[in-house]
Every structure is written in C-alpha cells, then in structure tokens.
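# Examination of the molecular architecture
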Amino acid sequence: MTAGSASWLPLSPGERSVAIEVLVGGPLSRAELARRLDLSAGSLTRLTKPLIESGLLIESPDGCAPGESRQGRPSQPLDVVAGSRSFVGFKVTEDMVYGVVTTLRSEIVARHDRPLTTHDPDEVADLLADMLGELARSHPELAGIGIGVGGFVQDRAVVGESPFLDWRDIPLAALVEERTGLPVVVENDVAALVEAETWFGAGRGLDRFVVLTIGAGIGYGLVLGGRRVPSEGEDRAFGRRWILDPHGPLTPDGERGSAVSLLTIPSIRYQIRAATGRDHTYEEILDLAAAGEALCARVVAEAARGLGILLAHIANFAMPQKILLAGEGVGLMDVARITVEETIRARRHPLATAVDLETRRSDFHDWARGAAVLAIQVLVLGAADD
C-alpha cells in the first residue's frame, strides 16, 4: 500500500499558501484569493497552474464562488475535489481504537472500531495496520494516516508519555509506517481536535480561539493568529494544577478542588461511589441530578460552578473570540447550563463582552477525525507543521 499523494508534493511556500486558503475557505474566485493573499493576478496564475495540473485544485464548473455576483462574465472559482483523496484517522484509547476515513475536507465517510486488548506497542501497530486494511477495501485511494493519543507526543512521531497506555518513548509513527507504507503523523488527541476545529470547524476563520475538553481528563488548546499554540507541556495533566476551589472535592490521588477533581468523569463517579458505595455511570448521575436527587445534584452543581470559573478564567486571560467546549463530559451543560453561565458572569467584568461559548458533545469518532486532519495538513503542507 503506497501513498497516492506524492504527485502533490513538495509545494513551494507560495503554492502552499494558495492550497491552504482554497482548502479551508473555498471555493474562491481568483480575485478573492488574490485579495486574501495579497497577490497580483500574474503571481496567482503562476502559483495555481501546477496545483491545477497536479489535481489538487480544480476550476469549479458552477461559475460563481460564495458571495460573488453572477452579473457579467462568470468566473471559474478554484476549489478542491474533496473526494479525490481519503485519509485515515485513529483515536487510541485505553481499551478501544476508533477509526474513520475522511475526505480532503475532513467529512467522515466511513467508520471502523476495534477493541484494544493489549498495550504492547508492536501489537497496537499491528492492529492499526489491520484496521487500515479493512478500510482500504472500500477506500483504496488512502493518502495518509493520523493517530491521536492521550499523552505527550514529540515531533508528531514519538509518544513520549501516555499514562492511559503506560507508554514512554514509543516511536508509533515509524511502527505504523513500516506496516502500511503510508505517511503517518501522531499527535496529542486534544491538539489534533484543535487543529481540526481551526481548519474546518468552530474556529475556522477566527484569530483567537480556545478548545476546552472535559471527559476522562481535561484538555485545553489555544489558537492565536489563526494557528494553534503548541506547548511542550501539552496534556501533562495541567488540569491537576488548575485549582478552582481549594475546598473542593478530592480525587483518588489526593488532589483537592482542581479542574480534574471537579470536572472529569472518573472524578465525578468517584465522588458518588465514595459517598454511597454504589457505582453509577456518568449519564445516570446527570439524570439523577436533573431529577433532584440531593447528592448527585450537589456534585453536579459543584462541577458546574467549577466549569464556570474555568471558562471565566480562560475568557479573562486569553480573550478568545469563541470557546468550544467539547468532549464526552459536556452533558453537564444539559443539566446545569444556568449555573455555568451565572458563574461565568459573576467572574467577569460587568461590561466585558459576553463569552461566545459553543458546546459540542464529541464522540470518539470526532477525535479520530481530528487525527485525520493532521494527515491532511501534512499532505498540503508537505511536512508536519507546528
């Protein structure tokens, strides 16, 4: 199995800028594209010609880009053929691997999941290669693979540390490339989700944007100038140091009042189990809180106030145009949105601009889609680009 994208690479810096602008914002008329990139008509023609010849860009036959008048001679806006290449994204959890196939514009067109019964790196790589083979039967034009892992990832290739998998310094990209023959990029799963939302989702076109995820852990991603801000400390449990209430609940690790102890699904379940001796799912706890069961209602209210404090801190210091709240734990907003919003307002200046908060309950296929976007970026950028 070989990559089908070699004829598109490498791109010059100018070609790369054109390709990204059309991929993320297209279809675009030549006039609009030249305006956005501050290019002359001649320079734009020179840069777009090889992209059209290689098949990365096409002249759209409908003759009108979005927002363009149809008066006079119709133009031929530039666009990408979204289905011309397919990309695979994997989200690796402690006990499952979730896989998707996406188009060049990150639309999910296939899903395939498998249980993860071992954390041995070679066996995990074998499983990913086997899953890729299944997906390739119906999507043979696969151009690259992205893998999202909870933990610290170096150089988009090596899993430096993953507590969920008990991994340290695992060259996952090389292991999977050896088995598939396709280019592979590995990244922290939150970082991958942020990249996907910046290029194709809630943060598209925004200069300042934040993604906050709540679920098994706490994830945070910051976008400035339209680009994700990378951090060497990414996903190294910073939520355990973010104290929201020094008198708040303990976690099994002994932390009191941190974002992790207040907001994560395992911590909320632990609080209920420690108080009642009974184990409940997260969804059951939310349902009981909504029905007025006193203990669950108190725990959920504490979590909602903690979330409001955290969102207010982010809004006050990062000043984003939008915050996307995502992850498996955002069902909290269905039960306690009023408490969250009241807490945000109480922690901000009365004249401050209201927080533009978008909430999305993400499943693991959304995380896998984020990983696929990493592969799309590598294809268009020509190299892993931070």
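Quick look at the structure, then.

Cut-offs used in this document
- Residues numbered from 1 in each chain as written.
- Predicted model: local features only at pLDDT ≥ 70, side-chain atom pairs only at ≥ 80, totals over all residues.
- Heavy atoms only, no water.
- Pairing = 2+ DSSP bridges.
- Helix = DSSP H or I, 4+ residues; strand = E, 2+ residues; numbered from the N terminus.
- Contact = heavy atoms within 4.5 Å.
- Axes fitted to C-alpha atoms, helices over the stretch in contact; angles between N-to-C directions.
- Parallel < 35°, antiparallel > 145°, perpendicular 65-115°, else oblique.
- Left-handed = near helix turned anticlockwise from the far one by under 90°.

Before going further, it helps to spend a moment on the sheet that holds strand 13 (residues 227–228). Either a parallel or an antiparallel arrangement is found when strands of a sheet pair, and the pairing is made through backbone hydrogen bonds. Overall, mixed pairing links the five strands, which are arranged 13-12-11-14-15 in an open sheet. Single-partner strands in this sheet number two, and they are strand 13 and strand 15 (357–361). Note: strand 12 (residues 218–224) against strand 13, two bridges, orientation antiparallel. Counterpart to Leu224 in the pairing with strand 13 is Arg227. Running over the sheet, helix 10 (residues 294–318) touches strand 11 (208–214), strand 12, strand 14 (322–327) and strand 15 and is turned about 160° from strand 11.

Further remarks concern the pairing of strand 5 (residues 108–115). Taken together, the seven bridges between strand 4 (residues 96–102) and strand 5 define a ladder with antiparallel strand orientation. Residue pairing in the sheet places Thr102 in a bridge with Ile108 of strand 5. In this structure, the hairpin formed by strand 4 and strand 5 is closed by a connection of five residues, where Ser106 is found at a positive phi of approximately 75°.

Time to look at the packing of helix 1 (residues 13–25) against helix 2 (residues 30–37). Contact pair helix 1 / helix 2: the axes reach a minimum separation of 11 Å and the direction vectors enclose 120°. Regarding the angle of helix 1 to helix 2, the classification is oblique. Our pair here, helix 1 against helix 2, has a crossing hand that is right-handed. Each of Ser17, Val18, Glu21, Val22 and Gly25 in helix 1 lies in contact with helix 2, whose residues at this interface are Leu33, Arg36 and Leu37.

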